[in-house]
Amino acid sequence: MHTVVYLSMGSNLGDRAVHVRSAIERLRAFGKVAAVSSFYETEPIEVVAQPWFLNCVVELDTEKTPEQLLAGILNLEREMGRERKQNKGPRLIDVDILLFGDSIIASPGLTVPHPAMHQRRFVLEPLAEIAPEVRHPVFQRTVRELRQQLPAGQAVRKWIESQHPSPGI
């Protein structure tokens, strides 16, 4: 059975765009990448003394179970060199499951919908770009409505690659 899943992707170390693109390419092992939002440059929250993040959201059509997908994502992060040293700290790559169809999951290792997605502009801005009418299964509000309800703050700006060439170009 195919399920539409939305994933948040981010990096704030090294060549952020290369890391995010590599992770998106590796997601193809778990299903069909159906859509990718623009990239957004976002200020860190909670632990603010670190570089800004580059974030996007991916729509993935998968036959994996939530647990299989989580295991695959954790392995993908490890293979790319992610080290979990500091909670909310700098990271080479970060992939979070935001929505898994209309499932509500509360298990020791996995909570879906992502418990903080409705409070994060760096998630809702790119998600609203590719899936504005998708409903949050707990709050029964669309992504667009959740984004509109966010308080001011949380700097998020669309990233234009031509203004940020990769090293060596």
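Relevant structure appears above.
All figures in this text were calculated on a predicted structure; none of them were measured in a lab.

Caption draft 1: Broad picture of the side chain of threonine 142. Looking at where threonine 142 falls in the secondary structure, it is placed in the loop between α3 (121-130) and α4 (143-148). Beyond its immediate sequence surroundings of up to four residues, threonine 142 is in contact with Pro132, Glu133, Val134 and Arg135.

Caption draft 2: Layout of the nonpolar core. Ranked by internal contacts, the top residues of the largest apolar core, which has 27 residues, are Leu7, Met9, Ile24, Leu27, Phe39, Leu69 and Ile97. Those elements that provide at least two residues to this core are β1 (3-11), α1 (16-27), β4 (53-62), α2 (66-79), β5 (94-100) and β7 (110-112). Once residues lying within four places of it in the same chain are set aside, the contact partners of phenylalanine 39 are Ala17, Val20, Arg21, Ile24, Leu54, Asn55, Cys56, Arg157, Lys158 and Trp159. Grouped together as the second largest cluster of nonpolar side chains are 16 residues, Val57, Leu98, Phe122 and Leu150 included.

Caption draft 3: Quick look at the environment of aspartate 102. Along the chain, aspartate 102 turns up in the loop between β5 and β6 (105-107). For aspartate 102 and proline 90, which are twelve residues apart along the polypeptide, the C-alpha to C-alpha distance reads 31 Å.

Caption draft 4: Here's a closer look at the pattern of salt bridges. Applying the stated criterion to the full structure yields eight salt bridges. Across the pair arginine 28 and glutamate 25 runs a salt bridge, and its minimum N-O distance is 3.2 Å. The salt bridge partner of arginine 91 is aspartate 94, with a shortest N-O separation of 3.1 Å. Like arginine 91, the residue aspartate 94 is buried in the burial classification. Sharing partners across several salt bridges, the network here consists of Arg16, Glu41 and Arg157.

Calculation criteria
Residues numbered from 1 in each chain as written. Predicted model: local features only at pLDDT ≥ 70, side-chain atom pairs only at ≥ 80, totals over all residues. Heavy atoms only, no water. Helix = DSSP H or I, 4+ residues; strand = E, 2+ residues; numbered from the N terminus. Contact = heavy atoms within 4.5 Å. Core = buried A, V, L, I, M, F, W, Y, C linked by side-chain atoms within 4.5 Å. Buried < 20%, exposed > 50% of the residue type's maximum accessible area, 1.4 Å probe, protein only. Salt bridge = Lys/Arg side-chain N within 4 Å of Asp/Glu carboxyl O.

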